[in-house]
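The lines below spell out each chain.
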Amino acid sequence: MERVYLDNAATTKIRPEVLDVMVRAYSEFGNPSSVHREGQHAKKAIEEARDIIAFQLNCDPSEIVFTSGGTESDNWALKCAAGGHVITSKIEHPAVLRSCEMLEKHGVRVTYLPVDKHGFVSPDSLEKALTPDTSLVSIMMANNEIGTIEPIRELCGIAHEHGVLFHTDAVQAVGSVSVDIRNLGVDLLSFSAHKFYGPKGIGGLYLKKGTEISSFLNGGSQEFHMRAGTQNVQGILGMAEALRLAVDEQEESISHISFLRDLLKKTLIEKIPQVLFHGDESSAHPGIVNLYVPGMDGEKTLLLLDVKGFACSGGAACSSKDSSVSHVLTAIGAADEEAKNSLRISMGVFNKVEDIFSFVSAFSSVLNS
């Protein structure tokens, strides 16, 4: 039985072109910090990759620092840029929320902004929450559970009017939707390669020139003295190729994935009229659908779908083994039963129309079993 993968918000399949770049890079055995030819060849390759990534995101190469992924980038931004007061939202990724909890234990005051029923952070609520000792605002760009895309440029502008730094967790956005850093105006931005058909274990943090932030990892002088440790050459080169391909093909990809998303919703409504959808229709990630059918047992449904050959999710992959209710769905007003038993279906470039029809058929069968 050919399996159907519908959990692209958790991670994406690495593209063959990206894998080819990485395989070739594995023959380059030099440490980028070494002065010999092999080391300098690796260093040159890293800087070329940094140039590619910076061009795709519209920033200066010196503003891109490579990390192990989105979680490290979020932790770095929160823990090393925060001061007396931090503002975030109730629907952030656990990498941000757990970092905020740690900050609170060390005396930092954290305000968790509410969201509306679609998952939007109100600009007015941010304006009212800002105080003279606010040091950082961190609001994610695209929500990983319901797909809502926040008005980052507007929110960032409000923070800057008060002289406050702005960070966005753009892990679910980069490579999937247009991300122009200069246009957004943010000071810090997190991204991760495995969300856009690149390798796991590599990501980055955009650090706007002049942003005062300390190093997160101490040791050597790598990454402009900002992030110690021997660079992951193969991962960096793979990420650059993945992002280049994702941005070059973005218009076509968004069109294809959005079509699949709309087809999924339409077919589900026809087959299961009582189905409910979470998130926003007009400003949303093209491939994320979060749904609930009254009376549905989410965990049982996921297991039965898996047996039938479909990989999907009950929410964020990092917390999928946690039986507690979704903090995102709770924040948008869902009752505990709904927040605990909803499913996330996330499509990608490798999915086909047949995947949608076969999923809806299997889903309907599971619900009626």
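What you are looking at is a predicted structure, and each value in this text was computed from that prediction instead of being measured. (Residues numbered from 1 in each chain as written. Predicted model: local features only at pLDDT ≥ 70, side-chain atom pairs only at ≥ 80, totals over all residues. Heavy atoms only, no water.)

**Some points on the sheet that holds strand β6 (residues 165–169)**
Spatially, β2-β8-β7-β6-β5-β3-β4 is the arrangement adopted by the seven strands of the open sheet, whose pairing is mixed. Edge positions in the sheet fall to β2 (64–67) and β4 (109–113), since each has one partner strand and no second. The sheet shows a mean angle of 20° between the axes of neighbouring strands, direction not considered. With four bridges joining them, β2 and strand β8 (residues 203–207) adopt antiparallel strand pairing. Residue pairing in the sheet places Ile 64 in a bridge with Tyr 206 of β8. Packed onto the sheet, helix α2 (residues 37–57) meets β2 and β7 (188–192) and runs at close to 115° relative to β2. Where helix α3 (residues 70–81) meets the sheet, it contacts β2, β3 (85–89), β5 (134–138), β6, β7 and β8, and its direction lies at approximately 160° from that of β7. (Pairing = 2+ DSSP bridges. Helix = DSSP H or I, 4+ residues; strand = E, 2+ residues; numbered from the N terminus. Axes fitted to C-alpha atoms, helices over the stretch in contact; angles between N-to-C directions. Contact = heavy atoms within 4.5 Å.)

**Quick word on the pairing of β6**
Taking burial as the measure, the five residues of β6 include four buried ones, the bulk of the element. Two strands pair when backbone bridges link them, and β5 and β6 are joined in this way by three bridges, in the parallel orientation. In the sheet register, Leu 136 faces β6, and the bridge partner there is Leu 165. This β-α-β element, β5 to helix α6 (residues 152–161) to β6, shows right-handed connectivity. By the bridge criterion, three bridges tie β6 to β7 in an arrangement that is parallel. By the bridge assignment for β7, Thr 168 is matched with Leu 189. (Buried < 20%, exposed > 50% of the residue type's maximum accessible area, 1.4 Å probe, protein only. Right-handed = clockwise from strand over helix to strand, strands pointing away.)

**Thoughts on the state of the cysteines**
Overall, the coordinates contain zero disulfides when judged by the stated rule. Unpaired in this structure, Cys 156 has its nearest cysteine sulfur neighbour in Cys 59, at a distance of 14 Å. (Disulfide = S-S within 2.5 Å.)

**Describing the packing of aromatic side chains**
A full pass over the atoms with the stated rule returns three aromatic pairs. A ring pair is formed by Phe 310 and Phe 359, whose centres lie 5.9 Å apart and whose planes are at 70°; its orientation type is edge-to-face. On the criterion of sequence distance, the pair formed by Phe 310 in strand β11 (residues 310–311) and Phe 359 in helix α14 (residues 353–367) is long-range, its members being 49 residues apart. Like Phe 359, Phe 310 is buried. When the centroid spacing of 5.6 Å and the interplanar angle of 10° are considered together, the rings of Phe 359 and Phe 363 count as stacked. Note that Phe 359 and Phe 363 are positioned in helix α14 at a spacing of four residues, about one turn of the helix. Comparing Phe 359 with Phe 363, the two get one shared label, buried. (Phe/Tyr/Trp six-rings, centres within 6.5 Å; stacked < 30°, edge-to-face > 60°.)

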